[in-house]
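Summary of the model geometry
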Amino acid sequence: MPRDLVDSLRRVLGSEHVLVDTDLRAGYEMDWTGRWDATGFAAAVVRPASTAEVASVLAACDAAGAAVVTQGGNTGLVGGSVPRRGLTRPQVVLSTQRLRAIGAVDEASATLTCGAGTLLVDAQDAARDAGFELGIDLGARASATIGGMVATNAGGVHVLANGPMASQVVRAEAVLADGSVVGKATGPIKDNSGYRWGAILCGTEGTLAVVTAVQLRLLAPAPESSRRAAVYGVDDFASATDLCGRARKLASVRAVEAFDAAALALVCAHLALPAPLQRPCDVHVLVEGDEADLALLAAAPYVRDTAVGTDAEATARLWRYREAVPEAIAAHGTPHKLDVALPAAAVAEFAAAVAGVAPDVVLFGHLGDGNLHVNLLGLSPADDAVDSGVYELTARLGGSISAEHGIGVAKAAHLHLARGADDIAAMVRVKAALDPRATLNPGVILAGYAASA
Ligand SMILES: Cc1cc2nc3c(=O)[nH]c(=O)nc-3n(C[C@H](O)[C@H](O)[C@H](O)COP(=O)(O)OP(=O)(O)OC[C@H]3O[C@@H](n4cnc5c(N)ncnc54)[C@H](O)[C@@H]3O)c2cc1C
């Protein structure tokens, strides 16, 4: 790390927010899964507290030829939030954890402005305290940040009702690699005065800009009666998909999730819980909606058993079986976490075929969006062969190799399965225009293509 760069970062942020000691950096160099271990690869971790400080950090790093890896809650599952192993340039991790200011809710326009490092749960609480609801929710709510969710265009459990993060963003403020500030995070909802940075930056995974603040759309809260959940046991993903089709016609339904028997076994062992259903079933579908709609679904001919959460507490107990799957898998070892989306008609074929591609598979996910999280156990972190087989199967069935987690470094070598040559070339041109020195998150999304080197 060039001494001059450390000195200039310290002048901007103060020494306590430029971490260079091995122990202090360590927590920022390992991802949530443990698969992407970049211990020792960050030259420094910086923690700016304002947009102006972010701009100064980026301008200094860009001029010095250092790469910048932006990190929010570090819950992304594709290796994009930690440094790259093997990159010869110095890498600076820019943590957004001090960009956590939450502004007042604007009731008349139903919006909330917050810093990019705001935790999802804090933004949800702020919305709720003002009588609104944030349209997005996911299991990592206590760690994931609003900026990280914009950068990954996060999905979660309410996409079928409210859309992904892109649907929640009114506008965003961000800093480009050279330190210039674009966009803003306040103002009226309607503003067609040029490029909408909030929309453009959704899903760019820290490769085009550092998001510093976001204006979020708020919703009227869903009625309490539609917050119940039921778990249905079925024999296979064909029945689960059919049940999903029935659920999607019911007005109160807000979420349709699924987990297989392997996922349930891991959760029950991890949390020492009994199974939610009396009868063992191969696939469990969790639906959130009102009791009348949940009862209609229980009557589907292939549903073998049902557990209904008739109050908030019982509903939370049922959700725990689904939400604890990632932590139960993590407790079991270091998984390969693949996140794919299939056309509904191909979900059952995929679920049957994937067992032939990988030896030890756990399936769960947001079935209502055709989104399955394929967790592969017992593989070494660097072994990409089985991942490739799963991605090729996904592409053959007309699916997407990334439903909601992004491409990161994990899937960069497989980008051609999702995007055509012209498409990738255009992304490279956009990257080169906004970040000509490839300062921001090199190796993410466009690894191997010129502008990302
Ligand atoms: C238990 C668990 C459950 C999860 N459930 C879901 C789910 O249901 N749906 C879903 O979509 N994801 C889910 N995830 C994945 C993860 O929570 C999301 O991808 C989330 O959006 C990441 O936010 P983060 O703040 O942790 O970002 P990080 O992990 O820190 O970063 C993710 C990417 O965004 C970039 N980035 C971060 N902040 C910024 C910023 N301010 N500006 C520019 N780039 C930035 C990083 O460089 C990196 O490329 C889950 C993860 C876990 C561990």
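Going along each chain's sequence as written, the residues are numbered from 1 onward. Predicted model: local features are reported for residues with pLDDT of at least 70 only, side-chain atom pairs are reported and counted for 80 or more only, and whole-chain, interface and lining totals are derived from all residues. In computing side-chain values, all of the structure's heavy atoms are included and hydrogens and water are not.

1. Observations concerning the site of the ligand
Around the ligand lies a shell of 35 residues, among which Thr70, Gly72, Thr75, Gly76 and Thr145 are the nearest. Note that an oxygen atom of the ligand is positioned 3.4 Å from one of the backbone N or O atoms of glycine 80. Computed with the Shrake-Rupley method and a 1.4 Å probe, the accessible areas treat only the protein chains shown as cover for residues. Notes on the ligand: free accessible area 970 Å², of which the protein chains cover 95%. Secondary-structure elements contributing two or more residues to the shell around the ligand are strand E3 (67-71), helix H5 (146-152) and strand E9 (210-219). For the shell around the ligand, the leading source of residues is H5, giving five residues. Polar here means any residue outside two lists: the nonpolar Ala, Val, Leu, Ile, Met, Phe, Trp, Tyr, Cys and Pro, and the charged Asp, Glu, Lys and Arg; Gly therefore counts as polar. A class-by-class count of the residues in the shell around the ligand yields 13 nonpolar, 20 polar and two charged. Looking at which domains feed residues into the shell around the ligand, each of domain 1 (3-98) and domain 2 (111-219) gives three or more. Whether a residue is near a molecule or strand is decided by its heavy atoms; if any one of them lies within 4 Å of it, the residue is near. We call two N or O atoms a polar contact when they sit within 3.5 Å, provided that within protein one can donate a hydrogen and the other can accept it, with sequence-adjacent residues counted only if both atoms are side-chain atoms. A run of H or I in DSSP becomes a helix once it reaches four residues, and a run of E becomes a strand once it reaches two; helices and strands are each numbered from the N terminus. The split of the chain into domains comes from an automatic or database domain assignment.

2. Section: the domain arrangement of the chain
Entries for the chain in the domain assignment read domain 1 (3-98), domain 2 (111-219) and domain 3 (224-396). A C-alpha centroid distance of 36 Å is found between domain 1 and domain 3. By definition in these notes, contact holds between two residues if any of their heavy atoms fall within 4.5 Å. Domain 1 puts five residues into the contact, and the matching count from domain 3 is 11 residues. Defined in terms of a 1.4 Å probe, buried area is the accessible area two parts forfeit on being brought together, summed over both. For the pair domain 1 and domain 3, the two sides together bury roughly 600 Å², of which 61% comes from carbon and sulfur. Looking only at domain 1, the three residues that lose the most surface to domain 3 are Trp32, Thr33 and Arg35, adding up to 84% of its buried area. Salt bridges are defined by distance alone: a side-chain nitrogen of Lys or Arg within 4 Å of a carboxyl oxygen of Asp or Glu. Taken together, the links from domain 1 to domain 3 amount to one salt bridge. Linking arginine 35 and aspartate 387 is a salt bridge whose minimum nitrogen-to-oxygen distance equals 3.1 Å. Remark: the boundary between domain 1 and domain 3 carries three residue pairs in polar contact (both at pLDDT 80 or more). When grouped by side-chain class, the residues that make up the side of domain 1 that touches domain 3 number two nonpolar, two polar and one charged.

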